[in-house]
Amino acid sequence: MDSSQHTPVEQRHLPVLLDTSVELLTPALRRPGAVHIDATLGMGGHATAVLDAAPEARLVGIDRDAEALALARERIGRAGHAERATLVHATYDELPEVLEELGLDGADAVMMDLGLSSFQIDTAERGFSYTVDAPLDMRMDTASDGPTAADLLRDLPEQELARVLHELGDERFSRRIARRIVEQRESSPITRSGELVQLLDRAIPAASRASGGHPAKRTFQALRIAVNEELELLAGALEKALDSLVLGGRIVVESYHSGEDRLVKNAFGRRTRSSAPPGLPVELEEHKPTFEPIIRGALQADEAERALNPRAASVRLRALTRIRPAQRAR
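Residues numbered from 1 in each chain as written. Predicted model: local features only at pLDDT ≥ 70, side-chain atom pairs only at ≥ 80, totals over all residues. Heavy atoms only, no water.

### Considerations on the overall build of the chain
Next up, step 1: Helices and strands together make up the secondary structure of the chain, namely 15 helices and seven strands.
Next up, step 2: Expressed as a percentage of its 330 residues, the buried residues of the chain come to 52%.
Next up, step 3: Contacts spanning at least 24 positions in sequence make up 72% of the contacts within the chain whose residues lie at least 6 apart.
Next up, step 4: Surface accessibility of the chain: about 15400 Å² in total, with carbon and sulfur atoms responsible for 49%. (Helix = DSSP H or I, 4+ residues; strand = E, 2+ residues; numbered from the N terminus. Buried < 20%, exposed > 50% of the residue type's maximum accessible area, 1.4 Å probe, protein only. Contact = heavy atoms within 4.5 Å. Areas by Shrake-Rupley, 256 points an atom, 1.4 Å probe, with all protein chains shown as cover.)

Quick look at the structure:
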């Protein structure tokens, strides 16, 4: 086991834009019994800070990774918040079912910190990291029977591999890499991260390997997103999270990938614009926006945080608050 596994969870994970997230969420959590949903609980960094700042609120923490949930439970317990926290093993698009099972009518605040957690990167045997040789699994929920990254490399047609690498990893050498993968798997399957890294070193031109970070970063990102169907789940999860918020409720979403941020921006845009047909003389109530932005556009981490926490380099934070109780026509 990696030595980092013995490090206290508080030292293993630096939540991105932590103070900003807490400041944006807590105004909606000041009443007794207010419900905060952390839909991507991870190791509980954001959630613990929110509970610290909102002593009258309760937490419903959701994560698809059972191991991360165990670490979050430990962290939240040490912070003295165990009695105010309910942790659920689920995906974030199951948020309505979680609320119904707990007998809750809605949420006052929702946090979504998308992408890969530090815990998952640090757990070498999960295969998320390109710096350590390990089986190419990449499933966030290891109890699932879904395909692993090794399965995708073995089974996807060359054209589909190239599409995945290009669309989910922004990899400009996607066709070249896909061709090499197909050629290699004809003689032996690619089952370990070290084998894939070696292939990428051969496939990507030397000039490109010398700049832009590790040459395997984009391919590993694309495979992880594909294995876990992250964008497909996110599209539905965003709508369900917005629908769950009560009047005055707030949502904060942190994205790290262009595809994620595009989905967030579009979902938020639909809820903050009038749906009235152009030229309609009077805007009917059902066409009025149900949300308004708390911040303009997307926030990014400053230079100091990016230097301290490399994961913050690509973050885009967006936040809304519900201003109308009724769901408008779409």
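### Overview of the packing of aromatic side chains
Next up, step 1: Per the counting criterion, the structure on display carries one aromatic pair.
Next up, step 2: Ring plane angle 80° and centroid distance 5.7 Å describe the contact between Y130 and F220, whose orientation is recorded as edge-to-face. Placement of the pair is Y130 in the loop between α6 (118–122) and α7 (149–155) and F220 in helix α12 (residues 217–227), with a sequence separation of 90 residues.
Next up, step 3: Taking relative accessible area as the criterion, F220 reaches 3% and is therefore assigned buried.
Next up, step 4: Here the basic side chain of R311 rests over the ring of Y256, its NZ or CZ set 4.2 Å away from the ring centre. (Phe/Tyr/Trp six-rings, centres within 6.5 Å; stacked < 30°, edge-to-face > 60°. Lys NZ or Arg CZ within 6 Å of the ring centre and 35° of its normal.)

### A look at the sheet that holds strand β1 (residues 35–38)
Next up, step 1: With respect to topology, seven strands assemble into an open sheet ordered β3-β2-β1-β4-β5-β7-β6, the strand pairing being mixed. Strands with a single pairing partner mark the edges of an open sheet, and in this sheet they are β3 (85–89) and β6 (291–293). Sheet twist, expressed as the mean angle between neighbouring strand axes with direction ignored, is 15°.
Next up, step 2: Relative to strand β7 (residues 316–322), strand β5 (residues 245–255) is paired through six bridges, and the arrangement is antiparallel. When the sheet's bridge partners are listed, I251 is paired in β7 with L320. (Pairing = 2+ DSSP bridges. Axes fitted to C-alpha atoms, helices over the stretch in contact; angles between N-to-C directions.)

### Observations regarding helix α8 (residues 158–169)
Helical periodicity: at 3.6 residues per turn, an α-helix aligns residues three or four positions apart in one direction.
Next up, step 1: Between its first and last C-alpha atoms α8 spans 16 Å; for twelve residues at 1.5 Å apiece the expected length is 16 Å, and the two agree.
Next up, step 2: Looking at the buried positions of α8, the neighbouring elements they touch are α7, α9 (174–185), α12 and α13 (230–244).
Next up, step 3: Phi turns positive one or two residues past the end of α8, at D170, with a value near 50°. (Expected span 1.5 Å × (residues − 1).)

### Comments concerning the UniProt feature "binding site: S-adenosyl-L-methionine" (unreviewed entry) in the chain
Next up, step 1: The positions UniProt marks with the feature "binding site: S-adenosyl-L-methionine" (unreviewed entry) are G44, G45, H46, D63, Y92, D113 and Q120.
Next up, step 2: Among the secondary structure elements, G45 is positioned in helix α3 (residues 45–53).
Next up, step 3: The exposure class assigned to G45 is buried, which follows from its relative accessible area of 7%.
Next up, step 4: Ignoring anything within four residues of it in the chain, the contact list for G45 reads P15, L18 and R75. (UniProt positions renumbered as here; feature names shortened; annotations may be inferred.)

### Topic: the side chain of E260
Next up, step 1: Within the secondary structure, E260 is located in helix α14 (residues 258–272).
Next up, step 2: Within the buried core, E260 has no salt-bridge partner, and the shortest N-O distance to an opposite charge, that of R224, equals 4.2 Å.
Next up, step 3: A distance of 2.9 Å separates a polar side-chain atom of E260 from the backbone nitrogen of Y256.
Next up, step 4: Look past the residues within four positions of E260 in its chain and what remains in contact with it is L114, G115, R224, E230, L231, L234 and S255. (Lys, Arg positive; Asp, Glu negative; His and termini not counted. Salt bridge = Lys/Arg side-chain N within 4 Å of Asp/Glu carboxyl O. Polar contact = N/O pair within 3.5 Å; in protein donor to acceptor, adjacent residues only side chain to side chain.)

### Some thoughts on the nonpolar core
Next up, step 1: Counting residues in each nonpolar core, the largest one holds 34 residues, and the members touching the most others are L136, M138, L153, I177, L196, L200 and F220.
Next up, step 2: Of all the elements in the fold, those that place two or more residues in this core are α7, α8, α9, α10 (193–203) and α12.
Next up, step 3: When neighbours within four sequence positions are excluded, L136 is seen to be in contact with G127, T148, A149, A150, L153, I190, T191, R192, S193, L196 and F220.
Next up, step 4: Counting residues in each nonpolar core, the second largest holds 30 residues, with I62, L104, L238 and F268 among its members. (Core = buried A, V, L, I, M, F, W, Y, C linked by side-chain atoms within 4.5 Å.)

### Quick word on the environment of G33
Next up, step 1: As for its position among the elements, G33 is in the loop between α2 (18–25) and β1.
Next up, step 2: Take G33: its relative accessible area is 39%, and that puts it in the partly exposed class.
Next up, step 3: Residues G33 and L59 lie 26 residues apart in sequence; the distance between their C-alpha atoms is 9.6 Å.

### Description of the packing of α8 against α12
For any two helices packed against each other, the geometry is given by the interaxial angle and the distance between the axes.
Next up, step 1: It is the contact of α8 with α12, at a shortest axis distance of 8 Å, that shows an interaxial angle of 100°. Taken together, α8 and α12 sit at an angle that is classed as roughly perpendicular. Each of V164, L165, L168 and G169 in α8 lies in contact with α12, whose residues at this interface are R218, T219, Q221, A222, I225 and A226. (Parallel < 35°, antiparallel > 145°, perpendicular 65-115°, else oblique.)

### Some words on the pattern of salt bridges
Next up, step 1: Going through the model one piece at a time under the given rule, you end up with 15 salt bridges.
Next up, step 2: Residue E74 pairs with R78 through a salt bridge whose shortest N-O separation is 2.6 Å. With E74 and R78 both in helix α4 (residues 66–78) and four residues apart, this pair spans about one turn of that helix.
Next up, step 3: Using a relative accessible area of 39% as the deciding quantity, one classes E74 as partly exposed.

### Some remarks on the layout of surface pockets
Next up, step 1: Its volume calculated, the second largest pocket comes out at about 410 Å³.
Next up, step 2: If you go around the second largest pocket, you meet 24 residues; those closest to its centre are I225, A226, V227, N228 and E229.
Next up, step 3: Contributions of two or more residues to the lining of the second largest pocket are made by α8, α12 and α13.
Next up, step 4: Of all the elements, α8 adds the most residues to the lining of the second largest pocket, at four residues.
Next up, step 5: A per-class count over the lining of the second largest pocket returns twelve nonpolar, five polar and seven charged. (1 Å grid on protein atoms, 1.4 Å probe; cavity = no way out; pocket = protein on both sides within 12 Å on 5 of 7 lines; lining within 4 Å. Points joined across faces, edges and corners; volume = space filled by probe spheres on them. Nonpolar A, V, L, I, M, F, W, Y, C, P; charged D, E, K, R; others polar.)

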